[in-house]
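Next come the chains, spelled out residue by residue.
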Amino acid sequence: MEDSGHIIQMPRVKLGSQGLEVSRLGFGCGGLSGYFNDPLSHEAGCSVIREAFRNGVTFFDTSDIYGENHDNEILLSKALKELPRAKVQLATKFGFMSIEGGKHAVKGTPEYVRQCCEASLKRLGIDYIDLYYQHRVDATVPIEDTMGELKKLVDEGKIKYIGLSEASADTMRRAHIVHPISAVQVEYSLWTRDIEEDIIPICRFADT
């Protein structure tokens, strides 16, 4: 169902060189499910997402770890039913697994990659994920193995583009050899600028 309200056109930007194009301003959905604050109701959360879309935002970022019991992906699935899917670029992430005591561990085995992807597709109620990030790199699993499974998911049409979050320059370089990386998610601000030394240069090199 497409929202009938007036939609503002926002400038677009290309991520990577594989064809992914998104609104210049994206919307991080984690806060809707209490990642940084008290969670919103699904009704209120969907209203926020609709308003963002009306104002030109088409790029929405979530994760299977946001919200209790994957609540953020479930909330987003409801919002997506009210938006034109072909005009939305959806990013979600995998890589964390729950362990005892409410803590989380990082896991990047090929089996876990596929398990998480299938579960996110089901929760989101969609046929494909536009941008699928490895939320954190599992140091116990060669990045080539993780990327190999992600490449299979691309070939199967379950994801369109691959991203990495909080990865080192060496990991990015090795991953990109297996399959092109379209996006990198990492903190970059006036207070955190160390990525200028190695992360940004390798991103520019890989994008050529």
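Since this is a predicted model, take the numbers as computed values, not measurements. (Residues numbered from 1 in each chain as written. Predicted model: local features only at pLDDT ≥ 70, side-chain atom pairs only at ≥ 80, totals over all residues. Heavy atoms only, no water.)

K.L.:
Would you mind going over the overall build of the protein chain in detail, with residue names and values included?
P.N.:
On a plain count of helices and strands, the protein chain comes out with 6 helices and 10 strands. For the protein chain, whose C-alpha radius of gyration is 17 Å, the value lies close to the compact-globule estimate of 17 Å for 208 residues. Along the longest, intermediate and shortest principal axes, the C-alpha atoms of the protein chain span 45 × 40 × 40 Å. The buried share among the 208 residues of the protein chain stands at 46%. Taking as baseline every contact in the protein chain between residues at least 6 positions apart, the subset at least 24 positions apart corresponds to 69%. Carbon and sulfur atoms provide 53% of the accessible area of the protein chain, an area that totals close to 10900 Å². Of the side chains in the protein chain, 24 bear a positive and 31 a negative charge, and the two mean positions are spaced by 4 Å. (Helix = DSSP H or I, 4+ residues; strand = E, 2+ residues; numbered from the N terminus. Rg over C-alpha atoms; globule rule 2.2 N^0.38 Å. Buried < 20%, exposed > 50% of the residue type's maximum accessible area, 1.4 Å probe, protein only. Contact = heavy atoms within 4.5 Å. Areas by Shrake-Rupley, 256 points an atom, 1.4 Å probe, with all protein chains shown as cover. Lys, Arg positive; Asp, Glu negative; His and termini not counted. Charge placed at Lys NZ, Arg CZ, Asp CG, Glu CD.)

K.L.:
Account for the nonpolar core, with residues named and values stated.
P.N.:
In terms of nonpolar packing, the biggest core is built from 43 residues, with I49, F60, L76, Y132, L150 and I159 touching the most fellow members. When residues in this core are grouped by element, the largest group, 6 residues, is from helix 3 (residues 110-124). Residues contacting Y132, with those up to four places away along its chain left out, are T92, K93, F94, V113, C116, C117, S120, L150, I159, Y161, I162 and G163. Counting residues in hydrophobic clusters, the runner-up holds 9 residues, among them L131, Y133, Y161 and A183. (Core = buried A, V, L, I, M, F, W, Y, C linked by side-chain atoms within 4.5 Å.)

K.L.:
I'd love a proper account of the environment of I65, names of residues and values included.
P.N.:
Mapped onto the elements of the fold, I65 is located in the loop between strand 4 (59-61) and helix 2 (71-80). For the pair I65 and S98, spaced 33 residues apart in sequence, the C-alpha to C-alpha distance is 8.8 Å. Apart from the residues lying within four places of it in its own chain, the contact partners of I65 are F96, H104 and H135.

K.L.:
So, a negative patch on the surface: which residues are in play, and what are the values?
P.N.:
A cluster of like negative charges, contributed by E166, E187, D194, E197 and D198, occupies part of the molecular surface. Assignment of secondary structure puts E187 in the loop between strand 10 (183-185) and helix 6 (199-206). On the basis of relative accessibility, which here comes to 49%, the residue E187 falls in the partly exposed class. (Patch = residues over 30% accessible without salt bridge, like charges linked within 9 Å, V, L, I, M, F, W, Y side chains within 5 Å. Salt bridge = Lys/Arg side-chain N within 4 Å of Asp/Glu carboxyl O.)

Everything listed here is a matter of coordinates, which is why it stays silent on function.
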